[in-house]
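# Coordinate analysis (summary)
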Amino acid sequence: MNFKNTLEFARQLDAQDQLANYRHQFNFPQHNGENVIYFTGNSLGLQPKSAKKYVDEIMTDWANLAVEGHFYAEKPWWDYHDRFSEKLAKVVGAKPAEVTVMNTLTVNLHLLMVSFYRPAGKRFKIICEEKAFPSDQYMISSQVRFHGYEPKNAIVELKKRKGENNFRTEDILAKIGEVGEECALVLIGGVNYYTGQVLEMEKITKAGHEIGAFVGWDLAHAAGNIELKLHEWQVDFAAWCSYKYMNSGPGNASGCYINEKYHNKKELPRFEGWWGHKKEKRFLMEPEFEPEAGANAWQISNAPVLAMAPYLASLQMFHEVGMPALIEKRNRIVAYLEFVLQEIDKEVDSTFEIITPANQEERGTQLSVLLHGEGKLLFDYLMKHGVITDWREPNVIRLAPAPFYCSFEDMYKFGQILKQGIQKKS
Ligand SMILES: Cc1ncc(COP(=O)(O)O)c(C=O)c1O
């Protein structure tokens with residue numbers, strides 16, 4: 001499609017957008033009486049208006065029923081998490097029994113490593129990406145130390161080639177082959193948080209299995225953003241937070257995927273608690289642990305239902321729209337944003353370098369832009385003028401136009417504000 005960098009054209013794209021109305025189902029922060037241009041759905045998604053209703057329902061049930069709410073609430077609390085499995089499984093390409101919601105992301109990755117990081121003999125290494133999200137780095141280092149190894153001996157980092165912004169699949173596969181029998185686990189972010197690069201999860205998972213390692217994915221930037229086929233790709237385990245593209249609210253619960261082949265594996269270690277116990281027998285308070293079927297056996301504690309309610313509200317919207325429609329709009333709006341950036345680049349002295357892959361298959365909603373010749377002042381200008389984005393050292397802004405609520409008009413307006421921000425300073 002031939003794009004134009006005009007308000008009229010952007011409005012035409014909005015008029016053709018099947019998802020345009022969903023924008024009105026979210027609460028936007030206001031700037032001078034107008035919705036902000038929100039690019040940080042990759043950090044904290046906007047609040048679905050329906051979230052309040054889901055929370056209020058629990059508040060009302062708690063007020064009226066107190067402890068009886070566990071069984072007699074509108075959505076009983078004792079198995080509240082079961083309401084996620086079917087819908088969430090569709091979002092991540094899994095079977096419902098392979099998916100559960102509990103705890104938070106880093107906590108879940110730790111818990112999943114209890115099952116899937118089992119170093120023994122010469123097989124003790126973990127392959128992860130260089131400059132992984134800091135929490136993943138801390139988690140992996142603390143896990144290897146917990147098992148008595150030195151991080152410098154046990155952690156193998158995948159590297160980008162000098163001067164390149166993104167990982168090459170061939171290099172990842174070669175490194176996996178090289179570490180071979182010494183590798184216990186491959187654990188990588190499916191979508192890189194800094195560049196927005198989507199890794200070839202199927203090929204990497206296969207390569208990890210070929211050397212006899214477990215393969216897990218941190219899907220913080222992938223869930224609700226890109227197409228996932230976790231079951232078909234035979235991924236062993238994965239976890240994601242829900243507060244980014246899945247719009248569940250700050251610090252909210254994490255989703256987990258555990259491949260069905262491990263569900264009845266008694267020899268696979270796991271940290272257990274009463275919420276993973278067979279639910280019909282949970283309140284019999286028997287001493288022997290009898291696992292729930294599927295990924296739910298990894299549950300530990302009482303579900304924090306008040307926190308989970310907005311996640312359920314948001315998931316309902318994903319269920320209505322479906323990932324294919326979101327991805328279709330995502331591709332269009334990201335392509336339009338890319339076009340707008342290229343057009344503005346021609347009009348100003350500074351140069352923007354989009355470090356996210358140009359190929360649609362290798363990116364999701366995020367474009368990371370290196371602002372050559374620009375500094376934090378430009379970011380401050382954007383924020384002051386109602387563009388919510390984020391800044392990553394040394395001079396990268398990350399722009400993630402979430403397809404649920406961003407409009408093409410937003411992209412056009414952003415381009416104009418960006419241009420003014422650059423010209424004002426020069
Ligand atoms: C890639 C990645 N991994 C892990 C985390 C940590 O998530 P949490 O604080 O929910 O454990 C984040 C948070 O932004 C993230 O982006």
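In the block above lies the structure referred to throughout.
Below you will find a few notes about this structure. Since we're looking at a predicted model, the values are computed, not measured. (Residues numbered from 1 in each chain as written. Predicted model: local features only at pLDDT ≥ 70, side-chain atom pairs only at ≥ 80, totals over all residues. Heavy atoms only, no water.)

## A few points about the sheet that holds strand E6 (residues 99–102)
The condition that has to hold: Two strands pair under a simple rule: DSSP has to find at least two bridges between them. For helices the rule is a DSSP run of H or I covering at least 4 residues; for strands it is a run of E covering at least 2, with both sets numbered from the N terminus onward. Convention adopted: a line fitted to C-alpha atoms gives each axis, helices being fitted over their contacting stretch, and angles between N-to-C directions are expressed from 0 to 180 degrees. Should any heavy atoms of two residues lie within 4.5 Å, those residues are considered in contact.
With mixed pairing, seven strands are arranged side by side in an open sheet as E6-E12-E11-E10-E9-E7-E8. With one partner strand each, in any of the chains shown, E6 and strand E8 (155–158) form the two edges of the open sheet. Shown here is a sheet whose adjacent strand axes are inclined to one another by a mean of 20°, direction ignored. As paired strands, strand E11 (residues 237–241) and strand E12 (residues 254–258) are joined by five bridges and run antiparallel to one another. In the strand pairing of E12, Ala238 is matched with Tyr257. Against the sheet, helix H9 (residues 201–210) contacts strand E9 (183–189) and strand E10 (214–218), and its axis sits at roughly 150° relative to E10.

## Topic: the site of the ligand
Our working definition: When we say a residue is near a molecule or strand, we mean one of its heavy atoms is within 4 Å of it. N or O atoms within 3.5 Å of each other form a polar contact, as long as, within protein, one can give a hydrogen and the other can take it, and as long as residues adjacent in sequence are counted only when both atoms are side-chain atoms. Accessible surface area values rest on a Shrake-Rupley calculation with a 1.4 Å probe, where residue burial reflects the displayed protein chains alone. Classes in brief: Ala, Val, Leu, Ile, Met, Phe, Trp, Tyr, Cys and Pro nonpolar; Asp, Glu, Lys and Arg charged; the others, Gly included, polar.
With respect to spatial proximity, the complete set of residues near the ligand consists of Leu105, Thr106, Phe133, Asp136, Asp218, Ala220, His221, Tyr243 and Lys244. The contact in question runs from a nitrogen atom of the ligand to an N or O atom on the side chain of Asp218, over 2.6 Å. Between an oxygen atom of the ligand and a side-chain N or O atom of Lys244, the distance comes to 2.7 Å. When the free accessible area of the ligand is taken as 400 Å², the share hidden by the protein chains comes to 82%. Broken down by class, the residue content of the shell around the ligand amounts to four nonpolar, two polar and three charged.

## So, the pattern of salt bridges
The condition is simple: By convention in these notes, a salt bridge is any Lys or Arg side-chain nitrogen within 4 Å of a carboxyl oxygen on Asp or Glu. Partly exposed describes any residue whose relative accessible area lies between the buried limit of under 20% and the exposed limit of over 50%, with all areas from a 1.4 Å probe on protein chains only and scaled to the type maximum.
Inspection of the entire model under this criterion finds 29 salt bridges. Close ionic contact of Lys52 with Asp56 constitutes a salt bridge, the shortest N to O distance being 3.3 Å. Of the two residues, Lys52 and Asp56 both sit in helix H2 (residues 50–65), four residues apart, roughly one turn of that helix. On the basis of relative accessible area, Lys52 is assigned to the exposed category, the value being 55%. A residue is classified by how much of its surface remains accessible, and Asp56, at 35% relative accessible area, is partly exposed. A single salt-bridge network, built from bridges that share partners, covers Arg161, Glu164, Arg168, Glu170 and Asp171.

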